[in-house]
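Architecture at a glance
Each chain is listed here by its residues.
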Amino acid sequence: MGEDGTKARHVAIIMDGNGRWAKKRHLPRALGHQRGVEAVRRLVRGARDFELEALTIYAFSTENWRRPDEEVSDLMALMKRFILSDLDEMAENGIRLKIIGDYKAFRPDVVELIEGALSRTAANTGTILAVALNYGAHDEIARAATKAAAKGAITPETIAAELDTADLPPLDLLIRTSGEERLSNFLLWQAAYCELYFTETLWPDFTADHLAQALESFTRRERRYGGR
Ligand code: FPP
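Figured I'd write up the structure that's included with this text.

In this section: the sheet that holds strand β1 (residues 10-14). Pairing within the open sheet is parallel, and its six strands lie in the order β3-β4-β2-β1-β5-β6. Either end of the sheet is taken by a strand with one partner, and the two such strands are β3 (96-100) and β6 (195-198). Along the sheet, successive strands turn relative to each other by an average axial angle of 20°, direction set aside. In terms of strand pairing, β1 meets strand β5 (residues 173-176) through four bridges, oriented parallel. Residue pairing for β5: A12 is matched across the bridge by L174.

Okay, structure coming up:
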């Protein structure tokens, strides 16, 4: 419990440092991403212990298309493999998969797999694993504002109701690994009042213990939402 009596319900993570993890070991970047997926798996397995309602992870940004073709296709392959290998376990553990961002821009085989995974876990009531794919906050806010305008007045509430995260609890804590301290177009709207947590740990080294530490730090913060 935090000083204000709340417990983190929704945590988001910018999973940074896969490349540097690999470089330090003179390994290919792809292996860093592969180890990054293993870190995702560890957290998803531990999600229930943390009693999180939602975990949102930044897997592929609208800017990541600028990476070399080979790296983009390595990331796609890893995502496919992750769904194929882990979907059963996630489904059995009550995880509900959700995608934020415009994933339909991905290759048809990837889109098909994603949609299968979404429908397979749709009725689950455990932790929501929201994966940001082809996601950028500017794009999300522009899409939401367009939808809000089509329905009537544009207000903070009508925009928020159209965001990709509209059905998730408010964002409590945003973690970024690898020592970088920026938001990189991730959940800009949702981050208005969330707590930020930066750690030097590179993403492939991130464990459930690191998440526990971040959550523990959250409980010690006092959130005032502009009041006093
Ligand atoms: C940042 O490391 C990481 C990414 C751009 C991709 C994150 C993707 C994964 C962890 C794997 C895919 C996820 C799922 C759900 C299967 P970086 O390459 O920018 O590292 P660097 O800054 O050290 O170069």
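The structure having been displayed, the exposition proceeds.
Here we take up the packing of aromatic side chains. Following the criterion strictly, the structure yields seven aromatic pairs and no others. With a centroid separation of 6.0 Å and 80° between ring planes, the pair formed by Y58 and Y135 is classed as edge-to-face. Remark: Y135 occurs in strand β4 (residues 128-135) and Y58 occurs in strand β2 (residues 54-61); sequence separation between them is 77 residues. You'll find Y58 and Y135 in the same group, each marked buried. Plain terms: the ring middles of Y135 and F186 are 5.8 Å apart, the flat faces sit at 85° to each other, and that makes the pair edge-to-face. Separated by 51 residues along the polypeptide, Y135 in strand β4 and F186 in the loop between β5 and β6 bring together distant segments of the chain. Each member of the pair, Y135 as well as F186, carries the same accessibility label: buried.

With respect to burial, β1 is a largely interior element, five of its five residues being buried. Burial of β1 is two-sided: the residues H10, A12 and I14 facing one way and the residues V11 and I13 facing the other way are all buried. Alignment of β1 against β2, held across five bridges, turns out to be parallel. Opposite V11, over in β2, you have L55 as the bridge partner.

Among the structural elements, D16 can be located in the loop between β1 and α1 (18-24). Not counting chain neighbours up to four residues away, the residues in contact with D16 comprise R176, T177, S178, E180, L202 and W203.

The phi angle at S184 is positive, at roughly 45°, despite the residue not being glycine. Tracing the backbone through its elements, the reader meets S184 in the loop between β5 and β6. Given a relative accessible area of 30%, S184 falls into the partly exposed group. Residue L187 is not a glycine yet carries a positive backbone phi of 45°.

Here is the key point about a regular strand: its side chains alternate between the two faces of the sheet. Burial along β6 is one-sided: E195 and Y197 are buried, while L196 and F198, pointing the other way, are not. Here β5 pairs with β6 via four bridges, running parallel. Residue pairing for β6: L173 is matched across the bridge by E195.

One water molecule sets the probe size; rolling that probe over the atoms shows where empty space is left. In this structure, the largest pocket occupies an estimated 790 Å³ of space. Residue lining of the largest pocket: 35 residues in total, with M15, N18, Y58, A59 and F60 positioned closest to the centre. If you list the elements that add at least two residues to the lining of the largest pocket, you get α1, α2 (29-50), β2, α3 (69-92), β3, α4 (108-121) and β4. Roughly 300 Å³ of volume is contained in the second largest pocket. What lines the second largest pocket is a set of 17 residues, among which P169, P170, L171, W189 and Q190 lie closest to the centre. By residue class, the composition of the lining of the second largest pocket is twelve nonpolar, three polar and two charged.

The subject of this paragraph is α4. Between its first and last C-alpha atoms α4 spans 20 Å; for 14 residues at 1.5 Å apiece the expected length is 20 Å, and the two agree. When α4 is considered as a whole, its buried residues turn out to be V110, V111, I114, A117, L118 and T121. For α4, the angular spread of buried residues about the axis comes to 130°, placing them on one side. Of the residues in α4, the exposed ones pointing more than 90 degrees away from the buried face are P108, E112 and S119.

About the cut-offs
- Residues numbered from 1 in each chain as written.
- Predicted model: local features only at pLDDT ≥ 70, side-chain atom pairs only at ≥ 80, totals over all residues.
- Heavy atoms only, no water.
- Pairing = 2+ DSSP bridges.
- Helix = DSSP H or I, 4+ residues; strand = E, 2+ residues; numbered from the N terminus.
- Axes fitted to C-alpha atoms, helices over the stretch in contact; angles between N-to-C directions.
- Phe/Tyr/Trp six-rings, centres within 6.5 Å; stacked < 30°, edge-to-face > 60°.
- Buried < 20%, exposed > 50% of the residue type's maximum accessible area, 1.4 Å probe, protein only.
- Contact = heavy atoms within 4.5 Å.
- 1 Å grid on protein atoms, 1.4 Å probe; cavity = no way out; pocket = protein on both sides within 12 Å on 5 of 7 lines; lining within 4 Å.
- Points joined across faces, edges and corners; volume = space filled by probe spheres on them.
- Nonpolar A, V, L, I, M, F, W, Y, C, P; charged D, E, K, R; others polar.
- Expected span 1.5 Å × (residues − 1).
- Arc of directions from axis to C-beta.

Just geometry here; none of it tells us what the structure is for.
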